[in-house]
Amino acid sequence: MKKFDKERVLLAVAGPVIALAVAFVLSAIVLIASGKNPVEPFALMFEQAGFSDIQVLIINQASMYYIAALAVAIGFRMNLFNIGVDGQYQLAAMIAAIVGAHANLPAFLQIPLLLLTAVLTGAFWSGIAGVLKVTRGVSEVVATIMLNAIATSVIGYLWLPDVFGVKIGNNNTTGEMHESGWIPGIDMGAAGEIYGLVILAVLLGIGYWVVLNRTRFGFDLRASGASESAAAASGVDPKRMVLTAMLISGGLAGLAGLPILLGDTHTYSLNFPTGIGFLGIGIALLGRNSPVGIAFAALLWAWLDKASPELDFHGYDKEIAVIMQGLIVLSVVVSYEAVREWGLRRQQRRVGAELAAGHVLGADNNTTKEVAGR
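Keep in mind that what you see is a predicted model, and the values were worked out from it rather than measured. (Residues numbered from 1 in each chain as written. Predicted model: local features only at pLDDT ≥ 70, side-chain atom pairs only at ≥ 80, totals over all residues. Heavy atoms only, no water.)

Asks: Quick one: what's the story with the pattern of salt bridges, residue by residue and with numbers?
Replies: Summed over all chains, the structure comprises two salt bridges. Lys 133 is the partner of Glu 140 in a salt bridge, and the nearest nitrogen-oxygen pair spans 3.0 Å. In this structure Lys 133 comes out as partly exposed when scored by relative accessible area, which is 27%. With a closest N to O distance of 2.8 Å, Asp 220 and Arg 216 form a salt bridge. On the criterion of helical spacing, the pair formed by Asp 220 and Arg 216 is a turn pair, its members being four residues apart in helix 8 (residues 216-226). (Salt bridge = Lys/Arg side-chain N within 4 Å of Asp/Glu carboxyl O. Buried < 20%, exposed > 50% of the residue type's maximum accessible area, 1.4 Å probe, protein only. Helix = DSSP H or I, 4+ residues; strand = E, 2+ residues; numbered from the N terminus.)

Asks: An account of the environment of Ala 231 is needed here, citing residue identities and associated values.
Replies: Take Ala 231: it is sitting in helix 9 (residues 228-233). The class of Ala 231 is buried, set by a relative accessible area of 2%. Distance in space between the C-alpha atoms of Ala 231 and Phe 219 is 9.9 Å, their sequence separation being 12 residues. Among residues more than four places away in sequence, those in contact with Ala 231 are Ala 223, Ser 224 and Val 236. (Contact = heavy atoms within 4.5 Å.)

Asks: Would you mind going over the packing of helix 4 (residues 85-102) against helix 10 (residues 238-255) in detail, with residue names and values included?
Replies: Put simply, helix 4 and helix 10 touch, their axes get as near as 7 Å, and they point 55° apart. Classified by the interaxial angle, the pair formed by helix 4 and helix 10 is oblique. As helix 4 packs across helix 10, the resulting crossing turns out to be right-handed. For the pair helix 4 and helix 10, the contacting residues are Val 85, Gln 88, Tyr 89 and Ala 92 in the first and Ser 249, Gly 250, Ala 253 and Gly 254 in the second. (Axes fitted to C-alpha atoms, helices over the stretch in contact; angles between N-to-C directions. Parallel < 35°, antiparallel > 145°, perpendicular 65-115°, else oblique. Left-handed = near helix turned anticlockwise from the far one by under 90°.)

Asks: An account of the nonpolar core is requested, with residue identities and associated values reported.
Replies: One finds Leu 258, Leu 261, Leu 262, Tyr 268, Ile 283, Leu 286 and Ile 328 to be the most contacted residues of the largest nonpolar core, which totals 98 residues. If one sorts the elements of this core by residue count, helix 3 (residues 52-77) sits on top with 16 residues. Counting the residues that make up this core, at least three belong to each of domain 1 (1-36 + 318-340) and domain 2 (52-315). Leu 286 has contacts with Pro 16, Ala 19, Leu 20, Ala 297, Leu 300, Trp 301, Ile 328, Val 332 and Tyr 336, leaving out every residue within four places of it along the chain. (Core = buried A, V, L, I, M, F, W, Y, C linked by side-chain atoms within 4.5 Å. Domains from an automatic or database assignment.)

Structure follows, in structure tokens:
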């Protein structure tokens, strides 16, 4: 491996490692300040990761985190901050649940219909922000935040009994979906079932890498994110790329809630998971927008979620996991900036050394020519 490649790998790994180390240290400090053992909570959570039922829960949760983080990462690659993933996936899950409860087609048609419904709903909702940005110059951050709020109101309206809502006790639901839209899981015996759409998450990760790194579209997307003016000079339409990136990001976001919808709940209700879109931002940052890095970050986040309830039984607050997640996000921002500055300084020193070596070599060549001329 070349020296330059080794440095790139080192820089890519250094950021997440430093962020995690700092987050663990700061969490330990918080525990010490509250008079608690700074080591035992982490030991308890690591112990939980060894149980097969917890492993299944972690994998299932990570599949949703992973898809949401990929949606965020697409925007990041284009220098866009799609903070509306949360509203996009919730609205998409609800519309898919409504379609699944009212349409009853054979499974080979029903499942693609539900997937397509979720993708189109998420893409439509993010596309509103994309159109506002390219036509009116509205910041996608502001637009997607407002669209999150609007999505919550739309969901509340669709839950009305006179619309699509089905009241079950005190719970608002969309009614149970027809079984032709259920996706069977992978049976792990007593440990439970892994969602069938975990496979979809893996395929999306592979597709994300192939599109961004092995296609002209992926090159144009990354080039537009790096410099719109340079991309425009090479024939790329920056506005079209912005809109396309927002549509793809929203389409992916629309799939984030389907693993649990089609594999477990089979309805959209008040108990449906929320906040996955916001967690996807931290996971994409920690994973550095890499499909493999995001996978490890999603598993880490899911482990913190599913292993932390055990802390309640040992006198610790399970919120220590939430504190760690917040500290990880803060540490990521600081450590990545520190690593970037360190990498720039190393690059500057290397270029300076090469220029100096070239100057010396040029001087030696001139001396040799003078001696030969004599």
